[in-house]
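# Inside the fold
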Amino acid sequence: MFAAPVTEAPSPAEGASAHPQSPRRSALALTGAGIVVVLLAVLSTFIGVSDVSPLSLLEGGPDGKAAQLLVVSRLPRTLALVLTGVSMSIVGLIMQMLVRNKFVEPSTTGTAESAALGLLVVTIFAPTLPLFGKMVVAAIFALAGTGLFLLILRRIPVRSIVLVPLVGIMLGGVIGAVTTFFAYRLDLLQTLGTWMTGDFSGILRGRYELLWIALAMTVIAWIAADRFTVVGLGQEFTTNLGLHYGRVLALGLTIVAVVTAIVVVTAGVIPFLGLIVPNIVSIARGDNVRRSIPWVAVLGAGFVLACDILGRLIRFPYEIPLGIVVGVIGSALFLYLLLRRPARAH
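To start, this report covers the structure provided alongside it. Predicted model, so just to flag it, every value in this text is computed and none were measured. (Residues numbered from 1 in each chain as written. Predicted model: local features only at pLDDT ≥ 70, side-chain atom pairs only at ≥ 80, totals over all residues. Heavy atoms only, no water.)

### Things to note about the overall build of the protein
A tally of helices and strands in the protein yields 15 helices and zero strands. For the protein, the C-alpha radius of gyration of 20 Å lies close to 20 Å, the compact-globule estimate for 346 residues. The principal-axis extent of the C-alpha atoms belonging to the protein is close to 65 × 55 × 35 Å. Buried positions account for 49% of the 346 residues belonging to the protein. Considering only contacts within the protein whose residues lie at least 6 apart along the sequence, 80% involve residues at least 24 apart. Looking at the protein as shown, the accessible area adds up to about 16,000 Å², and 69% of this sits on carbon and sulfur atoms. Between the mean site of the 24 positive side-chain charges and the mean site of the 15 negative ones, the protein shows a separation of 8 Å. (Helix = DSSP H or I, 4+ residues; strand = E, 2+ residues; numbered from the N terminus. Rg over C-alpha atoms; globule rule 2.2 N^0.38 Å. Buried < 20%, exposed > 50% of the residue type's maximum accessible area, 1.4 Å probe, protein only. Contact = heavy atoms within 4.5 Å. Areas by Shrake-Rupley, 256 points an atom, 1.4 Å probe, with all protein chains shown as cover. Lys, Arg positive; Asp, Glu negative; His and termini not counted. Charge placed at Lys NZ, Arg CZ, Asp CG, Glu CD.)

Encoded structure:
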């Protein structure tokens, strides 16, 4: 199995909260954050060109146009946003623990680009394959791309906390270039663009249900959180504690690959989401994975909902794709985190 590279671990000031809260205060804070996410979800549901408001729902009744639009489009979109925010944020947290680097996530390790390449292969050779089959192929390619990233890191003698994501971004650029070349030659650039730009405007009932599988995978990640924490301390330490390093690493990479593939198949690539949210939680709450996962899930859902609302209101009634809004905000926060943390090589 692939061995996770050893990179710089966060310092105590970076990895732990300076003022830890009591369990009761922490639970109250998490509940408050959850209420904010619910309010954002309700607001997102009622924003759009068509009139779907509580008044229109009451006037039209259960068979009215507003009620049908709510069930067919608005609710599925809101659920897809929440599920994507939760799953991709937790996947980013897992990846950071496995690779032992705070600046990695599926869009900075070539995982998302590999999933898109898998979708292109399916489109070329098996265009009639059901959506679930496309997800399986994309997950296999995503797992292979992540494994290639780890193999490349093992061959780099000197690594810093900044070099690791740069290697992943370059690998993703190469894979993306290969994908773009074949898409151009086969007149599939427009199709490729829908995969590489996260857009939830086309989400309808019957088109988002695979994201429940992503949620199930994140539940598995929460159950195995302590094992991922141990694996993040290194192979020798994991073995001394009696855990099978390769199996835990394989489980983590499989969760990352499957969730990434599902999100890419359903809505496209959402860059920097799995990087920004876990880092914010780490700064505020520390690096305990089990305690961090609920916060990462809530903050991830809230961040995605807020960016989606922003993208729908900036040029109303037109809409900016979610992937662009998250990419702009996420890249700015990424640069801030790079400048905030010292980049010392081992």
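### Observations concerning the packing of helix 14 (residues 289-313) against helix 15 (residues 322-340)
Packed helix pairs are specified by the crossing angle of their axes together with the interaxial distance, meaning the distance between the axes. The geometry of helix 14 relative to helix 15 is characterised by a closest axis approach of 9 Å and an angle of 115 degrees between their N-to-C directions. The orientation of helix 14 with respect to helix 15, classified from their angle, is roughly perpendicular. By crossing handedness, the relation of helix 14 to helix 15 is classed as right-handed. On helix 15, the residues that touch Phe-303, Val-304, Cys-307, Asp-308, Leu-310 and Gly-311 of helix 14 are Leu-322, Val-325, Val-326 and Ile-329. Classifying every residue of the contact of helix 14 with helix 15 gives eight nonpolar, one polar and one charged. (Axes fitted to C-alpha atoms, helices over the stretch in contact; angles between N-to-C directions. Parallel < 35°, antiparallel > 145°, perpendicular 65-115°, else oblique. Left-handed = near helix turned anticlockwise from the far one by under 90°. Nonpolar A, V, L, I, M, F, W, Y, C, P; charged D, E, K, R; others polar.)

### A short note on unusual backbone geometry
With an omega dihedral of 10 degrees, the bond running from Phe-316 to Pro-317 counts as a cis peptide bond. Located in the positive-phi region is Asp-187, a residue other than glycine, with phi close to 60 degrees. Note on placement: Asp-187 falls in the loop between helix 7 (163-185) and helix 8 (189-196). The residue Phe-272 is not glycine, and still its phi comes out positive at about 65 degrees. Along the chain, Phe-272 falls in the loop between helix 12 (245-266) and helix 13 (273-285).

### Points about the pattern of salt bridges
Per the counting criterion, the structure on display carries three salt bridges. In this structure, Arg-77 engages Glu-319 in a salt bridge whose closest nitrogen and oxygen atoms are separated by 2.5 Å. Highlighted residues: Arg-77 in helix 4 (residues 65-99) and Glu-319 in the loop between helix 14 and helix 15, separated in sequence by 242 residues. Look at Glu-319 and you get partly exposed, because its relative accessible area is 32%. Between Asp-308 and Arg-312 there is a salt bridge; the shortest N-O distance is 2.9 Å. (Salt bridge = Lys/Arg side-chain N within 4 Å of Asp/Glu carboxyl O.)

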